[in-house]
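The lines below spell out each chain.
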Amino acid sequence: MNLIGIDAGGTLIKTAHRMNGKMVTRTFQSEQMEECISWLEKLGGESEFFITGGKGAHIQSNLSGQAQQIDEFTATINGTRYLIEEEGHEVSNYIVVSIGTGTSFYHVTPHSFQRLFGSGIGGGTLIGLGSLLSNKETNFSSLVASAEQGDEKESDLLIRDIYAPTPAPLMGDLTAANFGKAHLNQEATSHDHMASLVLLLAETILLLSIQAAQAHHTKSLVFIGSTLEENPPLKRRLKMFEESFDYQAIFLEKGAHAGAIGSMLG
């Protein structure tokens, strides 16, 4: 029997199944749900579906094969554990930071896990605020490309800006206020503001991640979620403070599909 995992989130639908011994993943936009269901039906045959995520019930009601709902938190951690082992990362006590539409934080040990808390800052923020900053652009890849072209220092107020012309008592390049001079610098472009937005996401998520890690006596942060997929500026900014704040950022190659993979594994 072909086992198929489905993670139907607020923005994306992710799938995972094995083909010729290899893990195969695929992603659909939520508005492509009918296309996704049609594709799943074509896999058909003796397929058994394992579904998680907020829109999972709708998909389940439209599939003709056997379908079972899987707890979302359990699926996320099972998929993360599988990917950590597959990719050869040697961590046992760590914080999982799942950056999807919003962001969830988990503490994981070899025999247990606990969802700690969540944040409304995530991929939905990137697309929603990004569309306001870039003349209603809503394509994720285009917004990421715009951030790559920008310089957040043109939009953010930095510590050195506050203390200039005297030396700052802290690292001068640290952010004092995200978008803190966006209204003052008329030369700042939409690309600069997009770069500022990506940094806002990274700094906020990282601050919460480090606090969670310190509370649970670990330095390992495992980042997963669809917002990281093909998003070099966000990954780069999540790693940029490793030396200053003594943590290890780990990015899983198929981390966007951790929930779907974990569902498939049951």
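Here's what I pulled together on the structure shown here. (Residues numbered from 1 in each chain as written. Predicted model: local features only at pLDDT ≥ 70, side-chain atom pairs only at ≥ 80, totals over all residues. Heavy atoms only, no water.)

1. Re the packing of helix H3 (residues 72–86) against helix H10 (residues 258–265)
Axis separation between H3 and H10 bottoms out at 6 Å; the angle between their running directions is 95°. The orientation of H3 relative to H10 falls into the category roughly perpendicular. In this structure, H3 uses Ala75, Thr76, Asn78, Gly79, Thr80, Tyr82 and Leu83 to contact H10, whose residues at the interface are Ala258, Gly259, Ile261, Gly262, Ser263 and Leu265. (Axes fitted to C-alpha atoms, helices over the stretch in contact; angles between N-to-C directions. Helix = DSSP H or I, 4+ residues; strand = E, 2+ residues; numbered from the N terminus. Parallel < 35°, antiparallel > 145°, perpendicular 65-115°, else oblique. Contact = heavy atoms within 4.5 Å.)

2. Describing unusual backbone geometry
Note the cis peptide between Ala164 and Pro165, where omega equals 10°. Mapping Pro165 onto the fold places it in the loop between helix H6 (159–163) and strand S10 (175–177). Despite not being glycine, Asn20 shows a phi value in the positive range, around 55°. Within the secondary structure, Asn20 sits in the loop between strand S2 (12–19) and strand S3 (22–29).

3. Examining the side chain of Ser196
The topology assignment puts Ser196 in helix H7 (residues 190–215). Within the local environment of Ser196, its side chain forms a polar contact with the side chain of Asp156, the two groups lying 2.3 Å apart. With sequence-adjacent residues up to four places away left out, Ser196 is seen in contact with Glu152, Ser155, Asp156, Asn178 and Phe179. (Polar contact = N/O pair within 3.5 Å; in protein donor to acceptor, adjacent residues only side chain to side chain.)

4. Notes on the sheet that holds strand S12 (residues 248–251)
Adjacent strands of a sheet pair through backbone hydrogen bonds, lying either parallel or antiparallel. Taken in spatial order, the 5 strands make up an open sheet running S8-S7-S6-S11-S12, and their pairing is mixed. Two strands close off the open sheet at either side, each with one partner strand: strand S8 (112–119) and S12. If you compare each strand with its neighbour and ignore which way they point, the axes differ by 25° on average. Inspection of the sheet shows strand S7 (residues 103–109) paired to S8 by 7 bridges, in the antiparallel sense. The residue of S8 that forms the bridge with Thr109 is Ser112. Relative to strand S11 (residues 220–224), H7 is tilted by about 135°, and along the sheet it contacts strand S6 (94–99), S7, S8 and S11. (Pairing = 2+ DSSP bridges.)

5. Some details on the sheet that holds strand S4 (residues 48–52)
Pairing within the open sheet is mixed, and its 5 strands lie in the order S3-S2-S1-S4-S5. Lying at the two open borders of the sheet, with one neighbouring strand each, are S3 and strand S5 (66–69). Across the sheet, the mean angle from the axis of one strand to that of its neighbour is 20°, orientation sign disregarded. Relative to S3, S2 is paired through 8 bridges, and the arrangement is antiparallel. Bridge assignment links Ile13 to a residue of S3, and that residue is Phe28. The strands touched by helix H1 (residues 33–43) within the sheet are strand S1 (3–8), S2, S3 and S4, with S2 carrying the most contacts at an inclination of about 15°.

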